[in-house]
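Each chain, written out:
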Amino acid sequence: MASVRFQGVSKIYQKDILALARFDIEVYDGEFLVLVGPSGCGKSTTLRLLAGLEEPTTGELFIDDRNVTDIKPQDRDIAMVFQNYALYPHMTVFDNMAFSLKMKKMPGDQIDQNVRETSEILGISDYLNRKPRELSGGQRQRVALGRAIVRHPAVFLFDEPLSNLDAKLRVQMRNELSQLHTKLGSTMIYVTHDQAEAMTLGDRIVVLKDGYIQQIATPLDLYDNPDNSFVAGFIGSPSMNFLKVELKNGMIHAGDVVLEKTPFAGVVDGEYLFGIRPEDIHPSEDSRLCGEVEVIETLGNENIIYMKFNGRQFAARCGPKVEAITGAIFGFEMDLVRSHLFSADGMRMKINAT
């Protein structure tokens, strides 16, 4: 186990392409840290910099108190798991897992012990004599994990390892990764564009956009207290609903619609971005608020109702017994205590609804 520290790290490629800017963060010993964000935000670049596959333009990287910025990849005591498994097709599962240990000239009996102990942890002991082509996607991913685990590295790096799996298997592997982290107690840094993976796996989450850190927080804090409208809209599915509003004389105005008295004490009159999550919108036949139903997603345990309200699409997460008809008018009310207010430049106003 080890801690990791990025100190003022940036990466600029040729033609002034910014991949990562002013990246400062400490990953605690034994922490499961998740990097999340849209494509091109700098997630994989961060891993590649730590692994030594890229050189930083500025800044330094530390594993524990050792500066590894100029150290060769093979000497950083890091194991990386990729999205495409990267298994040797001509080798058995055993040989794939043992390869790095043989390259280190580890004694044969110790290699055998490490591989078999790791295969027991991952539930792949019965596949040690098979070739990768004889395995399912989930089994191949376990072999890729096993190849990393046998080395007992200081830090594990995961670059979207579940993206090639089907939805059901992704959920299963997500659970197994979480259990694996508990068993090993190792420091893990995990990259994904899937915010559901980030929320379920991470002790803390780093949200990135265009190479810049937007927020670092625990999953619950990230969801309940987003620092800006980008984080608020990126985290959560369906994403947060937004409206351009004006606070005026103690009232919230959204175009021609007056929501009700503002619950945002101390916020001066002006133009803002109002945000509310789908689960905080509830059906109401008596409400003055209503929208035209556009799409209904029936998921069994809940219905997601998408409607047009004030020129914007609004989503409401409702119980399975709440019915709606496409094209009909849907009346609703908002739990404004759970709403958010952002400035014109997208930063969250530091006053909670009351």
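Just above, that's the structure.
The structure displayed is predicted, hence computed values, not measured ones.

So, the side chain of Thr 69
At step 1: Inspection of the secondary structure puts Thr 69 in the loop between strand S5 (66-67) and strand S6 (78-81).
At step 2: Of the polar contacts made by the side chain of Thr 69, one reaches the backbone nitrogen of Leu 61; its length is 2.9 Å.
At step 3: In this view, Thr 69 contacts Pro 56, Gly 59, Glu 60, Leu 61 and Arg 76; residues no more than four positions away in its chain are not counted.

Focus on a negative patch on the surface
At step 1: Together, Glu 260, Glu 285, Asp 286 and Glu 333 make up a negatively charged patch on the protein surface.
At step 2: Among the secondary structure elements, Glu 260 is positioned in strand S13 (residues 257-261).

A look at the state of the cysteines
At step 1: Applying the stated rule across the entire model yields 0 disulfides.
At step 2: Counting only cysteine sulfurs, Cys 290 is the nearest neighbor of Cys 318, a cysteine outside any disulfide, at a range of 15 Å.

Quick word on the side chain of Thr 45
At step 1: Counting through the fold element by element, Thr 45 comes out in helix H1 (residues 43-51).
At step 2: For Thr 45, a relative accessible area of 12% gives the class buried.
At step 3: With near-sequence residues (within four places) excluded, Thr 45 lies in contact with Lys 11, Tyr 13 and Ala 19.

Some points on unusual backbone geometry
At step 1: Cis geometry is found at the peptide bond from Ser 237 to Pro 238, where omega equals -5°.
At step 2: Assignment of secondary structure puts Pro 238 in the loop between helix H8 (229-234) and strand S11 (241-248).
At step 3: For Glu 160, which is not a glycine, the phi torsion comes out positive at approximately 45°.
At step 4: With respect to the helices and strands, the residue Glu 160 is situated in the loop between strand S7 (155-159) and helix H5 (167-184).
At step 5: Phi angles above zero are rare outside glycine, and Asn 310 is one such case at about 55°.

Topic: the sheet that holds strand S8 (residues 187-192)
At step 1: Taken in spatial order, the 6 strands of this open sheet run S6-S7-S8-S3-S9-S10, and their pairing is mixed. Both edges of this open sheet fall to S6 and strand S10 (212-217), since each of them pairs with a single strand only. Here the strands of the sheet are splayed against their neighbours by 20° on average, with no regard to which way each runs.
At step 2: Against the sheet, helix H4 (residues 137-149) contacts S6 and S7, and its axis sits at roughly 175° relative to S6.
At step 3: Strands in contact with H5 are strand S3 (32-36), S7 and S8; relative to S8, the strand with the most contacts, it is inclined by about 160°.

Comments concerning a nonpolar patch on the surface
At step 1: On the surface, Ile 12, Leu 18 and Tyr 212 cluster together into a nonpolar patch covering about 230 Å² of accessible area.
At step 2: Relative to the elements of secondary structure, Tyr 212 occurs in strand S10.

Examining the layout of surface pockets
Empty space among the atoms becomes apparent when a probe as large as a water molecule is rolled across them.
At step 1: Size it by volume and the largest pocket reaches roughly 560 Å³.
At step 2: Lining the largest pocket are 18 residues, with Ile 78, Ala 79, Met 80, Ser 100 and Arg 151 sitting closest to its centre.
At step 3: Considered class by class, the residues forming the lining of the largest pocket number 13 nonpolar, 2 polar and 3 charged.

What to know about the sheet that holds S13
At step 1: Within the open sheet, the 5 strands sit side by side as S13-S12-S11-S14-S20. Their pairing is antiparallel. The open sheet is flanked by S13 and strand S20 (340-342), the only strands paired with a single partner. Going across the sheet, the axis of each strand differs from the next one's by a mean of 35°, ignoring polarity.
At step 2: Judged from the 7 bridges that link them, S11 and strand S14 (residues 270-276) form a sheet pairing that is antiparallel. Pairing of Glu 246 across the sheet is with Glu 271, part of S14.

Conventions used here
Residues numbered from 1 in each chain as written. Predicted model: local features only at pLDDT ≥ 70, side-chain atom pairs only at ≥ 80, totals over all residues. Heavy atoms only, no water. Helix = DSSP H or I, 4+ residues; strand = E, 2+ residues; numbered from the N terminus. Polar contact = N/O pair within 3.5 Å; in protein donor to acceptor, adjacent residues only side chain to side chain. Contact = heavy atoms within 4.5 Å. Patch = residues over 30% accessible without salt bridge, like charges linked within 9 Å, V, L, I, M, F, W, Y side chains within 5 Å. Areas by Shrake-Rupley, 256 points an atom, 1.4 Å probe, with all protein chains shown as cover. Salt bridge = Lys/Arg side-chain N within 4 Å of Asp/Glu carboxyl O. Lys, Arg positive; Asp, Glu negative; His and termini not counted. Charge placed at Lys NZ, Arg CZ, Asp CG, Glu CD. Disulfide = S-S within 2.5 Å. Buried < 20%, exposed > 50% of the residue type's maximum accessible area, 1.4 Å probe, protein only. Pairing = 2+ DSSP bridges. Axes fitted to C-alpha atoms, helices over the stretch in contact; angles between N-to-C directions. 1 Å grid on protein atoms, 1.4 Å probe; cavity = no way out; pocket = protein on both sides within 12 Å on 5 of 7 lines; lining within 4 Å. Points joined across faces, edges and corners; volume = space filled by probe spheres on them. Nonpolar A, V, L, I, M, F, W, Y, C, P; charged D, E, K, R; others polar.

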